[in-house]
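# Structure at a glance
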Amino acid sequence: MSSFRALRVHDAGDKKTRCQAEDLTTDQLNEGDVVIDVHWSSVNYKDALAVSGKGRIMRRLPCVPGIDLSGVVAESDDPTLRPGQKVLVTGCNIGEALDGGYAQRARLPAEAVIPLPDGLDLREAMMLGTAGFTAALAVVRMQDNRQIPDLGPVLVNGATGGVGSVAIQILSGLGYEVAAVTGKADAAERLRALGAAEVLDPEGVRTGGKPLESARWGGAVDNLGGDALADMTRSVRPFGNIASIGLAAGVELKTTVMPFILRGVSLLGIHSVETPRPLREQVWQHLAGEWKPRALADIVTRTIGLDEVPAYCDELVAGTITGRALVKLRDDAAL
């Protein structure tokens, strides 16, 4: 392939960026051991911030955005990855410091590339992507810290997003009672179909602001940050875990040490980008096997082409999106 289609984010001056579609050659990509023909990608909130220019996500400009990709190895200098092999990449600084998935080709370090595990195809891997990986990583961290169904219902906010949707399915499949929080009233039926036992409006989980409130939840998965996360710290039961993932509602955390020292609540930071490779492989094996969401197709609400990504990202930042979008990079994209 002499040239290929890609989106690239450029410095537009005055601390602004612009994203545009263009034709690239492999020589214009960052260095790497493995060249991948990209077939599928997905859109995460971080991608939307980068493409729309609403957040300074990129650490190198120009850069191809897209923190997820799946495809087929075209060239490899690493003996463990052979041409023709199906692979996936999530996190590992792609779409930020390294060129990412919104291009028909990628060149990346071998350390970032995971062979596609049995039980997933290339499209399914991107149905999950960083969102699914992060949700599964949160459950691994919680279970490692003794989160069990007997502690009580697990609260999941941002429930209609990619992370929330996968977290609901994984947790319910493992026998946890899940309470999903969303401000989108029309999403309640869909969330119950994914496995939520209860669907709550954000007002229904808001606390009064005391250092400790009634202990209501066995644990929680927080995709929002800010006051939503602070409320969780006050209302999780003794020895429950809160997995902190997102910041859409704010980066500040206004709470006290009382939930942590009087109830033994644990706040677990979930960082998917630099997850050690053995743990990344473990999480993907879970997702390809016993944790694979039974309604995986229901997570995806739209499949778009490369040229449609910027408009979709604007919608995602505006908060008008339910579910998850796949990006199809080739007309003949493989499964």
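Before any of the text, the structure's been laid out above.
The shown structure was predicted, so the numbers you read here are calculated from the model rather than taken from an experiment. (Residues numbered from 1 in each chain as written. Predicted model: local features only at pLDDT ≥ 70, side-chain atom pairs only at ≥ 80, totals over all residues. Heavy atoms only, no water.)

Glancing now at the pairing of strand E4 (residues 68-76). Inspection of the sheet shows strand E3 (residues 34-42) paired to E4 by 6 bridges, in the antiparallel sense. Along E4, the bridge assignment pairs Val-34 with Ser-76. The sheet contact formed by E4 and strand E5 (residues 86-90) spans 5 bridges and is antiparallel. When the sheet's bridge partners are listed, Leu-69 is paired in E5 with Val-89. (Pairing = 2+ DSSP bridges. Helix = DSSP H or I, 4+ residues; strand = E, 2+ residues; numbered from the N terminus.)

What follows concerns unusual backbone geometry. Along the chain, Leu-61 connects to Pro-62 via a cis peptide bond; the corresponding omega equals -5°. Looking at the element boundaries, Pro-62 is found in the loop between helix H1 (45-52) and E4. Within the chain, Cys-92 stands out as a residue other than glycine whose phi angle is a positive 60°. Topologically, Cys-92 is positioned in the loop between E5 and strand E6 (105-108).

Packing of helix H2 (residues 122-144) against helix H3 (residues 162-173) leaves a shortest axis separation of 8 Å and a crossing angle of 45°. The angle between H2 and H3 falls in the class oblique. Crossing geometry of H2 relative to H3 is assigned as right-handed. Side by side, H2 and H3 meet where Leu-128, Ala-131, Gly-132, Thr-134, Ala-135, Ala-136 and Val-139 of the first sit next to Gly-162, Val-163, Val-166, Ala-167, Ile-170 and Leu-171 of the second. When its residues are assigned to classes, the contact of H2 with H3 shows 10 nonpolar, 3 polar and no charged. (Axes fitted to C-alpha atoms, helices over the stretch in contact; angles between N-to-C directions. Parallel < 35°, antiparallel > 145°, perpendicular 65-115°, else oblique. Left-handed = near helix turned anticlockwise from the far one by under 90°. Contact = heavy atoms within 4.5 Å. Nonpolar A, V, L, I, M, F, W, Y, C, P; charged D, E, K, R; others polar.)

What follows covers H1. Of the positions making up H1, those classed as buried are Asp-47, Ala-48, Leu-49, Ala-50 and Val-51. In this fold, the buried residues of H1 make contact with strand E1 (4-13), strand E2 (16-24), E3 and helix H9 (309-318). Of the residues flanking the end of H1, it is Gly-53, one or two places downstream, whose phi is positive at about 80°. (Buried < 20%, exposed > 50% of the residue type's maximum accessible area, 1.4 Å probe, protein only.)

Here we come to the packing of aromatic side chains. Tallying each qualifying case throughout the model produces 1 aromatic pair. Note on Phe-133 and Trp-284: the rings are 6.0 Å apart at their centroids and 25° apart in plane angle, and the pair reads as stacked. You can see Phe-133 sitting in helix H2 and its partner Trp-284 sitting in helix H7 (residues 277-288), a full 151 residues away along the chain. For the pair shown, Phe-133 and Trp-284 are each scored as buried. We note Arg-123 situated over the ring of Trp-40; from NZ or CZ to the ring centre the distance is 5.8 Å. (Phe/Tyr/Trp six-rings, centres within 6.5 Å; stacked < 30°, edge-to-face > 60°. Lys NZ or Arg CZ within 6 Å of the ring centre and 35° of its normal.)

Attention now goes to the nonpolar core. Counting residues in hydrophobic clusters, the biggest one holds 53 residues, and the most contacted among them are Val-156, Ile-168, Leu-171 and Leu-191. Breaking this core down by element, the ones donating at least two residues are H2, strand E8 (154-156), H3, strand E9 (178-181), helix H4 (188-194), H7 and helix H8 (296-299). If we skip the residues at most four places from it in the chain, Val-156 touches Gly-164, Ala-167, Ile-168, Leu-171, Val-178, Ala-179, Ala-180, Val-181, Val-221 and Asn-223. Formed by 37 residues, the second largest nonpolar core is a distinct cluster that contains Phe-4, Val-43, Ala-110 and Ile-304. (Core = buried A, V, L, I, M, F, W, Y, C linked by side-chain atoms within 4.5 Å.)

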